[in-house]
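Secondary and tertiary structure notes
Here's the letter readout for the chains.
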Amino acid sequence: MPDAQHEALIITGLKNAHAMENQALSIMRPQVARIEHYPEVARRLEQHISETEGQIARLDELLNQFGADSSTLKDVALSLSGGMAAMGHTMAGDEILKNSFANFAFEHFEIAAYKSLLILSELGGHGSATSVLLENLKEEEAMAQWLDENLAAVTTRFASLKEEGRTAKV
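In this text the structure is predicted, and so the values were computed from the model without any measurement. (Residues numbered from 1 in each chain as written. Predicted model: local features only at pLDDT ≥ 70, side-chain atom pairs only at ≥ 80, totals over all residues. Heavy atoms only, no water.)

1. Focus: the overall build of the chain
The test is simple: In this text, helices come from DSSP runs of H or I with a minimum length of four residues, and strands from runs of E with a minimum of two, each type numbered from the N-terminal end. Burial classes: relative accessible area under 20% of the type maximum marks a residue as buried, over 50% as exposed, and values in between as partly exposed (1.4 Å probe, protein chains only). Every residue pair with non-hydrogen atoms within 4.5 Å of one another is taken to be in contact. Throughout, the Shrake-Rupley method with a 1.4 Å probe supplies accessible areas, and for residues the shown protein chains are the sole cover considered.
Each helix and strand counted, the chain has five helices and zero strands in total. In sequence order, the chain lays out its α and β elements as α-α-α-α-α. Expressed as a percentage of the 170 residues in the chain, the buried residues total 46%. A separation threshold of at least 6 residues defines the contact pool for the chain, and within that pool the share at least 24 residues apart is 80%. A total of about 8600 Å² of accessible surface is found on the chain, and carbon and sulfur atoms cover 59% of it.

2. Remarks on the nonpolar core
Threshold: Buried Ala, Val, Leu, Ile, Met, Phe, Trp, Tyr and Cys residues form a nonpolar core when they are joined through side-chain atoms within 4.5 Å.
In terms of nonpolar packing, the biggest core is built from 40 residues, with Leu 14, Tyr 38, Val 41, Tyr 114 and Leu 133 touching the most fellow members. The set of elements that each furnish at least two residues to this core consists of α1 (4-34), α2 (39-65), α4 (95-123) and α5 (127-163). The element best represented in this core is α5, accounting for eleven residues. Among all residues touching Leu 14, those that are not within four sequence positions of it are Leu 59, Leu 62, Leu 63, Phe 66, Leu 117 and Leu 133.

3. Some points on α5
To keep it simple, the criterion reads: How far a helix is expected to stretch is found by multiplying one less than its residue total by 1.5 Å.
For α5, with 37 residues, the first-to-last C-alpha span of 54 Å sits near the 54 Å given by 1.5 Å per residue. Taken from the residues just after α5, Gly 165 is the one with a positive phi, measuring 75 degrees.

4. Remarks on the packing of α2 against α4
Here is the rule we go by: Only the stretch in contact is used when fitting a helix axis, every axis being a line fitted to C-alpha atoms; angles between N-to-C directions are given from 0 to 180 degrees. Any angle that is under 35 degrees is reported as roughly parallel, and any over 145 degrees as roughly antiparallel; angles of 65 to 115 degrees are reported as roughly perpendicular and all others as oblique. Should the near helix be turned anticlockwise from the far one by less than a right angle, the crossing is termed left-handed; should it be turned clockwise, right-handed. Charged means Asp, Glu, Lys or Arg here, nonpolar means Ala, Val, Leu, Ile, Met, Phe, Trp, Tyr, Cys or Pro, and polar covers whatever is left, Gly included.
One can describe the packing of α2 onto α4 by two numbers: an axis separation of 14 Å at closest approach and a directional angle of 25 degrees. What the angle tells us is that α2 and α4 run roughly parallel. Relative to α4, α2 is oriented so that their crossing is left-handed. When α2 is examined against α4, the residues Val 41, Leu 45, His 48, Gln 55 and Leu 59 are found in contact with a partner set consisting of Ile 96, Asn 103, Glu 107 and Tyr 114. When the residues that make up the contact of α2 with α4 are grouped by side-chain class, the tally is five nonpolar, three polar and one charged.

5. A few points about the side chain of His 48
The line we're drawing: N or O atoms closer than or at 3.5 Å make up a polar contact, with two conditions inside protein: a donor-capable atom paired with an acceptor-capable one, and, for residues adjacent in sequence, both atoms drawn from side chains.
Note that His 48 resides in helix α2. You can call His 48 buried: its relative accessible area is 0%. Only 3.0 Å separates the side chain of His 48 from the side chain of Glu 140, close enough to count as a polar contact. Beyond its immediate sequence surroundings of up to four residues, His 48 is in contact with Met 28, Gln 55, Glu 107, Glu 139, Glu 140 and Met 143.

6. Details of the pattern of salt bridges
Two side chains that carry opposite charge are able to pair once their charged atoms sit near each other. This is how the line gets drawn: Here, a salt bridge means any Lys or Arg side-chain nitrogen found within 4 Å of an Asp or Glu carboxyl oxygen.
Applying the stated criterion across every chain, the model contains eight salt bridges. One connected set of salt bridges, linked through shared partners, spans Arg 58, Glu 135 and Glu 139.

Printed below as a string of structure tokens:
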């Protein structure tokens, strides 16, 4: 049977993941609202927003299984910081590129977080959490792969729009 220390670790990790996913939403939603010239990016971000909402719901279910709630303070704090990060790029003439770089980095942060949670789940004997964490991890890996595979196309489109004298930033 898992001990209290391992349970506390997994609960803290799940609360952190919940806040991280809320932060992701606060980053992606403003990006989608601003995109004009990159419809493929907007579509993939919209898809990932939907996936992220599902991830949050799954994390809520896991937290409920442990008799815990998400941390409102963490959720709000990280959502605010995510929103500020998204706003910071709006000033840049190459906003779409900066967003692409930041999104790629953030996806890898999420991947690392889920891999760590999977280890904590295993160490604590919380096998019931494994399938949920793996599902979230797979979605993050797929988004990171999409961003990686599409960076060249986004960069090329950005350069092409700039050469034509058109607004290319979003």
